[in-house]
Amino acid sequence: MSAKDLDQIVNLCKRRGFVYPSAEIYGGFRSSYDYGPLGALMLRNVKDAWVRSMVQQRDDVVLIDAAILAPPAVWEASGHLANFTDPLVDCTACKQRFREDHLEDKNVCPGCGAKGAFTEARAFNLMFKTYAGPVEGSGAEVYLRPETAQGMFVNFGNVLQTSRKKPPFGIAQVGKSFRNEITPGNFIFRTREFEQMELEFFVPPAEGPQWYEYWCNERLNWYVNLGIPADMLRLRAHDADELSHYSAGTSDVEFLFPWGWGELEGIAQRTDYDLTQHATHSGQKLDYFDQSTNERYVPYVVEPAAGATRTMAAFLLAAYDEDEVGGEQRTILRLHPRLAPFKVAVLPLSKKDTLTPLARQVYRTLSERYMVEYDDTQSIGRRYRRQDEIGTPLCVTVDFDSLDDGAVTIRDRDTTDQVRIPIDGLVGELYGRLGF
Ligand code: ATP
């Protein structure tokens, strides 16, 4: 069972310290969220899982970390200043604003029900503008990036020179992006500040279609391998009228959210659009000379662009479950061990001083390898429930027998099975169970 209702996840996130509304003591800041002690760990795990699969486990992708602030010239060339807009309509009756392309009926206001009360749609640019330096003026304008992708394109030449890669190869980046969304909402699904995980994969032009197929499959499998049931995912190809002007084909990986299918990631064939635009605007060559064929060409780009924060919501929703253990109801997050904030919890059966040194020693040993929680408050049953609810795959309990037999009990989150293991073999046992 997954969460049927977004509120189940929103409440759990608040109660257990995954995600809080931002600036809550001042009444909140609409659609902004802060990631608490568990959420910060989980979000990092989502990003690490992406880097592991996209960079670490292959030799044809490198990672960069580009600046968030960029001058207008970049956005002029990329087309964002002219085209990165949503159609905005105002309701003249209730004064609320909507994205016209998200309205169910373009004539009826979903806020107050007024008919035919919308203004003409106007193109609203989603980029946040600010000023660099002490003078606010047109020469000082800068923009917060609305996507990480342009950082890869403007650095194409630098990376080509310094990394000794040649097409087909990719540049990956993970980081914050900002969009002044007209209608943010659905918790962390659509926020104005969010994190992206993007790859620009540069290929010889003729290989574009085959790499596009390849990345569509790779990316869909990434979500399945990290525990999202296949029937909650689909790959949807864009219709011709949905495609961006530069795209030769785009598919979205979609997840079945409680409100319906929603995009987690877009995989696009961007052709040579971006490199050509930046080459023209900057006057710099952004191409590749293939010595084996004596040919110079502008590589085509296949771009899998995912959202880290939005994806975290999907992982939480899919992992949510409720079942009964020993006649008692429990809430459980069946998170993949790589995504779980803590991999192991060390729980001394009692707070008595006699147990503490051994329990602390176990904690120190395990925390060399894993993110581990140490918890000695409340009854053992309540502590197991808490770890189930935050998705910790394994608990290690240190009891009074441990002092004599040098063994501890491992409890499995999903089955609740308990097995006694010598402390000497604990690290190997955990490695076997977690898979890392
Ligand atoms: P949408 O149609 O939902 O606005 P998009 O097609 O504009 O998304 P892309 O530009 O393809 O999105 O961005 C790639 C990914 O970045 C999206 O699939 C999503 O996971 C994430 N993303 C985009 N906008 C937001 C946002 N406002 N909040 C959270 N994540 C976002």
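Residues numbered from 1 in each chain as written. Predicted model: local features only at pLDDT ≥ 70, side-chain atom pairs only at ≥ 80, totals over all residues.

**Comments concerning the overall build of the protein**
Thinking step 1. For the protein, the count of helices and strands is 13 helices and 24 strands.
Thinking step 2. Every one of the 436 residues in the protein was classed for burial, and the buried ones make up 35%.
Thinking step 3. For the protein, long-range pairs separated by at least 24 residues make up 64% of all intrachain contacts whose partners lie at least 6 apart in sequence. (Helix = DSSP H or I, 4+ residues; strand = E, 2+ residues; numbered from the N terminus. Buried ≥ 20, exposed ≤ 12 C-beta atoms within 10 Å, placed from the backbone. Contact = placed C-beta atoms within 7 Å.)

**Digging into unusual backbone geometry**
Thinking step 1. A cis amide bond links Pro167 to the next residue, Pro168, at an omega of 0°.
Thinking step 2. For Gln378, which is not a glycine, the phi torsion comes out positive at approximately 65°.
Thinking step 3. Along the chain, Gln378 turns up in the loop between strand E21 (372-374) and helix H11 (380-389).
Thinking step 4. Looking at Gln378, the number of C-beta atoms within 10 Å reads 12, which means it is exposed.
Thinking step 5. Of note in the backbone geometry, Thr416 takes a positive phi value of approximately 65° without being a glycine.
Thinking step 6. By the element assignment, Thr416 lies in the loop between strand E23 (407-412) and strand E24 (418-422).

**Let's talk about the site of the ligand**
Thinking step 1. Near the ligand there are 16 residues, and of these Phe194, Gly266, Ala305, Gly307 and Arg310 occur at the shortest range.
Thinking step 2. Among the elements of the structure, strand E11 (193-203), strand E14 (260-271), strand E17 (300-307) and helix H9 (308-319) are those that each provide at least two residues to the shell around the ligand.
Thinking step 3. When residues of the shell around the ligand are assigned to their parent elements, the largest contribution, 4 residues, is made by E14.
Thinking step 4. Across the shell around the ligand, the residue classes break down as 4 nonpolar, 5 polar and 7 charged. (Near = placed C-beta within 6 Å. Nonpolar A, V, L, I, M, F, W, Y, C, P; charged D, E, K, R; others polar.)

**A few points about the pairing of E17**
Two faces, one strand: in a regular strand the side chains alternate between the faces of the sheet.
Thinking step 1. Extensive coverage of E17 is indicated by the burial of 8 of its 8 residues.
Thinking step 2. Neither face of E17 is open: one carries Tyr300, Val302, Pro304 and Ala306, the other Val301, Glu303, Ala305 and Gly307, and all of them are buried.
Thinking step 3. For E11 and E17, the ladder comprises 6 bridges, and the chain directions are antiparallel. Its bridge partner lying in E17, Phe201 is registered against Val302.
Thinking step 4. Pairing of E14 with E17, which is carried by 6 bridges, proceeds in the antiparallel orientation. If you follow Gln269 over to E17, its bridge partner there is Val302. (Pairing = 2+ DSSP bridges.)

**Structural notes on the sheet that holds strand E10 (residues 169-178)**
Each strand in a sheet pairs with its neighbour through backbone hydrogen bonds, running either in the same direction (parallel) or in the opposite one (antiparallel).
Thinking step 1. Reading across from one edge, E3-E10-E11-E17-E14-E13-E12 is the order of the 7 strands in this open sheet, with mixed pairing throughout. Single-partner strands in this sheet number two, and they are strand E3 (61-64) and strand E12 (233-237). Strand after strand, the sheet turns through a mean of 25° between neighbouring axes, direction not considered.
Thinking step 2. Looking at chain direction, strand E13 (residues 250-257) and E14 are connected through 8 bridges and run antiparallel. For Val253, the partnering residue across the bridge sits in E14 and is Glu265. (Axes fitted to C-alpha atoms, helices over the stretch in contact; angles between N-to-C directions.)

**Observations concerning the environment of Asn217**
Thinking step 1. Secondary-structure assignment places Asn217 in helix H7 (residues 208-225).
Thinking step 2. In this structure the C-alpha to C-alpha distance between Asn217 and Thr365, which are 148 residues apart in sequence, comes to 39 Å.

**Describing the nonpolar core**
Thinking step 1. If you look at the biggest cluster of nonpolar residues, it comprises 93 residues, and the most contacted ones within it are Val46, Met312, Phe315, Leu316, Leu317, Val344 and Val346.
Thinking step 2. For this core, the leading source of residues is H9, giving 9 residues.
Thinking step 3. In terms of domain composition, this core takes at least three residues from each of domain 1 (21-74 + 144-316) and domain 2 (342-434).
Thinking step 4. Setting aside chain neighbours within four positions, we find Val344 in contact with Leu366, Tyr370, Val372, Thr392, Leu394, Val396 and Leu430. (Core = buried A, V, L, I, M, F, W, Y, C linked by C-beta atoms within 7 Å. Domains from an automatic or database assignment.)

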